[in-house]
Amino acid sequence: MTRSVLRYVRHRITQHPDTEVTFEAECLHCQWQAQPSTDSAAVDVECMRHTGRSNHRGFRRICTSFAMVVRDE
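Below is a short write-up of the structure. Counting from 1, residues in each chain are numbered in the order their sequence is written. pLDDT decides what is reported in this predicted model: residues at 70 or higher carry local features, side-chain atom pairs at 80 or more are listed and counted, and totals for whole chains, interfaces and linings draw on all residues regardless. In computing side-chain values, all of the structure's heavy atoms are included and hydrogens and water are not.

**Points about the packing of aromatic side chains**
Stage number 1. Centres within 6.5 Å are what make two rings of Phe, Tyr or Trp a pair, Trp counting through its six-membered ring; a difference in plane orientation under 30 degrees is then read as stacked, over 60 as edge-to-face, and the rest as tilted. For the structure on display, the rule yields 1 aromatic pair.
Stage number 2. With centroids separated by 5.8 Å and ring planes inclined at 75°, the aromatic side chains of W32 and F59 adopt a geometry described as edge-to-face. Placement of W32 in the loop between β2 (22-27) and α1 (40-54) and of F59 in strand β3 (residues 59-64) is noted, with a sequence separation of 27 residues between them.
Stage number 3. Each residue is assigned to one of three classes by its accessible area relative to the maximum for its type, calculated with a 1.4 Å probe on protein chains only: buried under 20%, partly exposed between the two thresholds, exposed over 50%. Residue classification places W32 among the buried positions, given a relative accessible area of 18%. Note on conventions: DSSP H or I runs of at least 4 residues are helices, E runs of at least 2 residues are strands, and numbering of each starts at the N terminus.

**A look at the nonpolar core**
Stage number 1. Counting 6 residues, the largest nonpolar core consists of A25, C27, W32, A34, V43 and C47.
Stage number 2. Among the elements of the structure, β2 and α1 are those that each provide at least two residues to this core.
Stage number 3. Discounting chain neighbours no more than four positions away, the residues touching C47 are A25, W32 and F59. Joining through side-chain atoms within 4.5 Å is the link that ties buried Ala, Val, Leu, Ile, Met, Phe, Trp, Tyr and Cys residues into a set, and such a set is a nonpolar core. We call two residues contacting when some pair of their heavy atoms lies within 4.5 Å.

**Overview of the environment of C27**
Stage number 1. Along the chain, the position of C27 falls in strand β2.
Stage number 2. Each C-alpha atom of the pair C27 and N55 lies 11 Å from the other, and the pair is 28 residues apart in sequence.
Stage number 3. When sequence neighbours within four positions are dropped, the list of residues in contact with C27 reads W32, H50, H56, G58 and F59.

**Comments concerning the side chain of H50**
Stage number 1. Residue position: H50 is located in helix α1.
Stage number 2. Here H50 is in contact with C27, C30, W32, N55, H56 and F59, once residues within four sequence places are set aside.

**Side note on the side chain of S37**
Stage number 1. Tracing the sequence through the fold places S37 in the loop between β2 and α1.
Stage number 2. You can call S37 buried: its relative accessible area is 19%.
Stage number 3. Within the local environment of S37, its side chain forms a polar contact with the backbone nitrogen of D39, the two atoms lying 2.9 Å apart.
Stage number 4. When neighbours within four sequence positions are excluded, S37 is seen to be in contact with V21, T22, F23, A42 and V43. Pairs of N or O atoms are called polar contacts if they sit within 3.5 Å, as long as, within protein, a hydrogen donor faces a hydrogen acceptor (for residues adjacent in sequence, only side-chain-to-side-chain pairs).

**Looking at the pattern of salt bridges**
Stage number 1. Every case where a carboxyl oxygen of Asp or Glu lies within 4 Å of a side-chain nitrogen of Lys or Arg is listed as a salt bridge. Overall, the coordinates contain 3 salt bridges when judged by the stated rule.
Stage number 2. For D72, the salt bridge identified is with R12, shortest N-O distance 3.5 Å. In this pair, D72 is assigned in the segment after β4 (67-71) and R12 in strand β1 (residues 11-15), connecting sequence segments 60 residues apart.
Stage number 3. A residue is classified by how much of its surface remains accessible, and R12, at 42% relative accessible area, is partly exposed.
Stage number 4. One salt bridge in this structure joins E26 and R60, with 3.5 Å as the shortest N-O distance. On the criterion of sequence distance, the pair formed by E26 in strand β2 and R60 in strand β3 is long-range, its members being 34 residues apart.
Stage number 5. The partly exposed category is assigned to E26, whose relative accessible area is 23%.

Note that every value here comes from positions in space, so none of it alone points to a role or purpose.
Dropping the structure here:
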């Protein structure tokens, strides 16, 4: 009979160190998209400019980040 030992090690999820969070937005009324940026305020300004030109007021906002699981020590 084979015996095995189970050991549990705590882990956590964290942002990948070689990446940054990216913000994007797209209009809900047309095919317009904001230029992706690491600065959320820059994307918001582009959305406000689009609203001023087109009177489109609805946007889908996207925040993308990459994560990894690491041992919690």
